[in-house]
Amino acid sequence: MDNITLKYLPSADRDLAWGLSVNCVGFQKVGRGECYPPQNHPISHIFRPNKGRVLDEYQLIYIIKGSGVFKSEHIAERTIKAGDVILLFPGERHTYHPDTNTGWDEFWIGFNGPNIDSRVENGFFAKDHPVFRVGISEDIAQTYRIAIDAAQQMRRGYQQMLAGCVNMLLGHIYTLDGMDEDGDHNAKTVRQAIYFMNENFQKDIHPEDVADAVNCGYSRFRKIFLEQTGISPYQHILKMRIQRSKELLTYTDKTLKEISEEVGFSNPLYFSTAFKRIENISPSSYRKNN
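The rules we used
- Residues numbered from 1 in each chain as written.
- Predicted model: local features only at pLDDT ≥ 70, side-chain atom pairs only at ≥ 80, totals over all residues.
- Heavy atoms only, no water.
- Helix = DSSP H or I, 4+ residues; strand = E, 2+ residues; numbered from the N terminus.
- Rg over C-alpha atoms; globule rule 2.2 N^0.38 Å.
- Buried < 20%, exposed > 50% of the residue type's maximum accessible area, 1.4 Å probe, protein only.
- Contact = heavy atoms within 4.5 Å.
- Phe/Tyr/Trp six-rings, centres within 6.5 Å; stacked < 30°, edge-to-face > 60°.
- Disulfide = S-S within 2.5 Å.
- Polar contact = N/O pair within 3.5 Å; in protein donor to acceptor, adjacent residues only side chain to side chain.
- Core = buried A, V, L, I, M, F, W, Y, C linked by side-chain atoms within 4.5 Å.

A. Here's a closer look at the overall build of the protein. Scanning the protein from N- to C-terminus turns up 12 helices and 8 strands. The C-alpha atoms of the protein give 21 Å as radius of gyration, which agrees with the globular expectation for 290 residues (19 Å, within 12%). Taken over the C-alpha atoms alone, the protein extends approximately 60 × 45 × 35 Å along its principal axes. A total of 290 residues make up the protein; the buried ones form 46% of that total. Look at the contacts in the protein between residues 6 or more apart in sequence, and 72% of them connect residues 24 or more apart.

B. Representation of the packing of aromatic side chains in the model. Scanning the model with the defined rule gives 17 aromatic pairs in all. Seen from their ring centres, tyrosine 58 and phenylalanine 111 are 5.8 Å apart, and the 15° between their planes marks the pair as stacked. Taken together, the residues span a long stretch of sequence, with tyrosine 58 in strand 3 (residues 58-72) and phenylalanine 111 in strand 7 (residues 104-112) at a distance of 53 residues. Per residue, the accessibility class of tyrosine 58 equals that of phenylalanine 111, and both read buried. Aromatic side chains phenylalanine 221 and phenylalanine 225 sit 5.7 Å apart centroid to centroid with 55° between the ring planes, which places their arrangement in the tilted category. Of this pair, phenylalanine 221 and phenylalanine 225 both sit in helix 8 (residues 218-229), 4 residues apart, which is roughly one turn of the helix.

C. Inspection of the state of the cysteines at higher detail. Within the structure shown, the criterion is met by 0 disulfides. Cysteine cysteine 35 shares no disulfide, and the gap to the nearest cysteine sulfur, in cysteine 24, comes to 18 Å. Take cysteine 35: its relative accessible area is 53%, and that puts it in the exposed class.

D. Up close: the environment of threonine 229. By secondary structure assignment, the location of threonine 229 is in helix 8. For the pair formed by threonine 229 and tyrosine 251, sequence separation is 22 residues and the distance between their alpha carbons is 30 Å. Discounting residues that sit within four places of it in the chain, threonine 229 has contacts with Val190 and Ile194. Looking at threonine 229, its side chain comes within polar contact range of the main-chain oxygen of phenylalanine 225, at 2.8 Å. From its side chain, threonine 229 meets the backbone oxygen of isoleucine 231 in a polar contact 3.0 Å long.

E. View of the environment of asparagine 115. Within the fold, asparagine 115 resides in helix 2 (residues 114-121). Overall, asparagine 115 belongs to the partly exposed group, its relative accessible area being 28%. Taking the C-alpha atoms as reference, asparagine 115 lies 46 Å from phenylalanine 271; in sequence the two are 156 residues apart. Leave out the neighbours within four places in its chain, and asparagine 115 touches Trp18, Gly19, Leu20 and Asn167.

F. Representation of the side chain of glutamine 28 in the model. As for its position among the elements, glutamine 28 is in strand 2 (residues 21-30). Of the polar contacts made by the side chain of glutamine 28, one reaches the side chain of glutamate 106; its length is 2.3 Å.

G. Up close: the nonpolar core. Counting 36 residues, the largest nonpolar core has Leu60, Phe107, Ile109 and Phe111 as the members making the most contacts within it. When contributions to this core are tallied by element, the ones reaching two or more residues are strand 2, strand 3, strand 5 (84-88), strand 7, helix 3 (138-153) and helix 4 (158-176). A total of 8 residues in this core trace back to one element, the largest contributor, which is helix 4. One finds Leu55, Phe70, Ile75 and Trp104 within the second-largest nonpolar core, a separate group that totals 16 residues.

As structure tokens, then:
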């Protein structure tokens, strides 16, 4: 993702009739010592961390790297770490910010509607439990990416697509809350590895680099990854590269050399060989057929 990706959206009464309407969605990296929040947000979403703010919408904020603090009217200040989701409630004064020594990477999405109001009224979500310990989840991160893409394109029905993303996120956090702390350590390692690979497969990374990123010896890492997923770390990286190359072959006019470089292959010949081995068709023929 770019360092900052944000979109603020118009909505209509008809969108609320669907059950949920999304007002904003984005991602940003906040480096160590950087000002927070960045000053490129609309005035309604800027606040001073020492004073806090009150929103007129719900927001789901997912921290995927770094740490910081959060507090609200209903809970005292608590530490936020990578893998935590914060649910902000409308009308509830709150404040949060990353630790200046670590910064953090965050996804967020803001929304309103009778669906979420009903879930709060029925006790699924409450102001005295706004922090969810879900761990590093590629499914959650990918749902945010899908929402960002839908918001940027704003095609017909994009608000309904975004509402679906919010429902998916709410389902994830409700189900996964607390499981990461009590669950299997190997499963957590594999989830972190998959997230790292999906974020970096376009670079010149190798399975050993992934093992280092999750602080695991390579032999043990390969064994548990294979047990958890059924494929090797190398096969997962290759799968991501081929999937991305299929999108570029279909929707762009880039050359095979440009595509091979963009998806992380060292040369076009290796790219073509790997593509044909997996897809049973050459990249050129795949482009022609699509």
